[in-house]
Amino acid sequence: KDITIKDKSFYHFRFIRYFSDTFRYDLFFQEQSNIFKLLKHRLLMGGSLGKNVLESSLFSYDINLGLMHEYESLSTDIVTRLIRLTHFQQLYMSITESLQLYTIFYYQPDILSFDDYRLLLENKCVFTLTEYLNYSLTLHFDYDSAVEDSLSSYDIAIKQFISFKF
């Protein structure tokens, strides 16, 4: 019996450039696939403008607003091309010198049909283990208002990472 344990990919590249102390722009490219969501291929390209609303050594809050082009190919041979609004808010808190919390919330509606939207929420705790080593625990929630009937409209994932800084 064939059993698929994990068959998905996710690549995200982002270029961020500040043009003042509080304003910035970013350009991004993302490619992903996920057999469990019937997603053969999704390609996103876009950009946004952002503002640091609050900034301190212990706390920061940012907002971004932009546009992205989406190309999506499903296992059911459905292909879509559309433009989505991309809005996200990001919160950072330094609890202690070795514990940081990050929250990021995305809202991504189709600009021609606001009934077709995605919501993503990610909460991450980062523990500094050594000067070069971090451990992260992430709770990831995503919701898609326009999915195939056989699929759930939401996903919840708990992820663990160990990262090495060099």
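We now turn to the structure provided with this report. (Residues numbered from 1 in each chain as written. Predicted model: local features only at pLDDT ≥ 70, side-chain atom pairs only at ≥ 80, totals over all residues. Heavy atoms only, no water.)

**Digging into the packing of aromatic side chains**
Line of reasoning, step 1. Per the counting criterion, the structure on display carries 11 aromatic pairs.
Line of reasoning, step 2. Plain terms: the ring middles of Tyr 92 and Tyr 102 are 5.0 Å apart, the flat faces sit at 45° to each other, and that makes the pair tilted. Taken as a pair, Tyr 92 in strand β5 (residues 79-96) and Tyr 102 in strand β6 (residues 99-110) lie far apart in primary sequence, 10 residues in all.
Line of reasoning, step 3. We classify Tyr 102 as partly exposed; its relative accessible area is 32%.
Line of reasoning, step 4. Centre to centre, the rings of Phe 127 and Tyr 135 are 6.0 Å apart; their planes meet at 25°, and the pair counts as stacked.
Line of reasoning, step 5. Judged by its relative accessible area of 22%, Tyr 135 is partly exposed.
Line of reasoning, step 6. Grouped by ring-pair contacts, the aromatic residues Phe 15, Phe 19, Phe 23 and Tyr 25 constitute a single cluster.
Line of reasoning, step 7. Of note, Lys 51 hangs over the ring of Phe 23, and the distance from its end group to the ring centre comes to 5.1 Å. (Phe/Tyr/Trp six-rings, centres within 6.5 Å; stacked < 30°, edge-to-face > 60°. Helix = DSSP H or I, 4+ residues; strand = E, 2+ residues; numbered from the N terminus. Buried < 20%, exposed > 50% of the residue type's maximum accessible area, 1.4 Å probe, protein only. Lys NZ or Arg CZ within 6 Å of the ring centre and 35° of its normal.)

**Quick notes on the environment of Cys 125**
Line of reasoning, step 1. Topologically, Cys 125 is positioned in strand β7 (residues 113-128).
Line of reasoning, step 2. Cys 125 gets classed as partly exposed once you look at its relative accessible area, which sits at 26%.
Line of reasoning, step 3. Along the backbone, Cys 125 and Leu 74 are 51 residues apart, and their C-alpha atoms lie at a distance of 33 Å.
Line of reasoning, step 4. Other than its neighbours up to four places away in sequence, Cys 125 contacts Leu 99, Gln 100, Leu 101, Tyr 135, Ser 136 and Leu 137. (Contact = heavy atoms within 4.5 Å.)

**Quick word on the pairing of β5**
Line of reasoning, step 1. Sheet topology places strand β4 (residues 59-74) next to β5; 15 bridges connect them, and they run antiparallel. Within β5, the residue paired with Ser 73 across the bridge is Val 79.
Line of reasoning, step 2. Where β4 folds back onto β5 in an antiparallel hairpin, the turn is made up of four residues, including Asp 77, whose phi is positive at roughly 70°.
Line of reasoning, step 3. Bridge count between β5 and β6: 10 bridges; the pairing is antiparallel. (Pairing = 2+ DSSP bridges.)

**Observations concerning the environment of Gln 108**
Line of reasoning, step 1. If you trace the backbone, Gln 108 turns up in strand β6.
Line of reasoning, step 2. In this structure, the C-alpha to C-alpha distance between Gln 108 and Ser 73, residues 35 residues apart in sequence, is 18 Å.
Line of reasoning, step 3. Contact partners of Gln 108, with chain neighbours within four places excluded, come to Met 68, Arg 84, Leu 85, Thr 86, Asp 116, Tyr 117, Arg 118 and Leu 120.

**What about the pattern of salt bridges?**
Line of reasoning, step 1. Under the criterion given, the structure shown has 11 salt bridges.
Line of reasoning, step 2. In this structure, Lys 37 engages Asp 155 in a salt bridge whose closest nitrogen and oxygen atoms are separated by 3.4 Å. Separated by 118 residues along the polypeptide, Lys 37 in the loop between β2 (23-34) and β3 (39-55) and Asp 155 in strand β9 (residues 154-164) bring together distant segments of the chain.
Line of reasoning, step 3. Salt bridges sharing common partners tie together Arg 42, Glu 70, Glu 72, Arg 84, Asp 116, Arg 118 and Asp 144. (Salt bridge = Lys/Arg side-chain N within 4 Å of Asp/Glu carboxyl O.)

**Some points on unusual backbone geometry**
Line of reasoning, step 1. Residues other than glycine seldom take positive phi values, yet Leu 38 does so here, at roughly 60°.
Line of reasoning, step 2. Turning to its location among the elements, Leu 38 is positioned in the loop between β2 and β3.
Line of reasoning, step 3. Positive phi values are uncommon outside glycine, yet Asp 77 reaches one of about 70°.
Line of reasoning, step 4. Position of Asp 77 among the secondary structure elements: in the loop between β4 and β5.
Line of reasoning, step 5. Under the relative-accessibility criterion, Asp 77 is labelled exposed at 62%.

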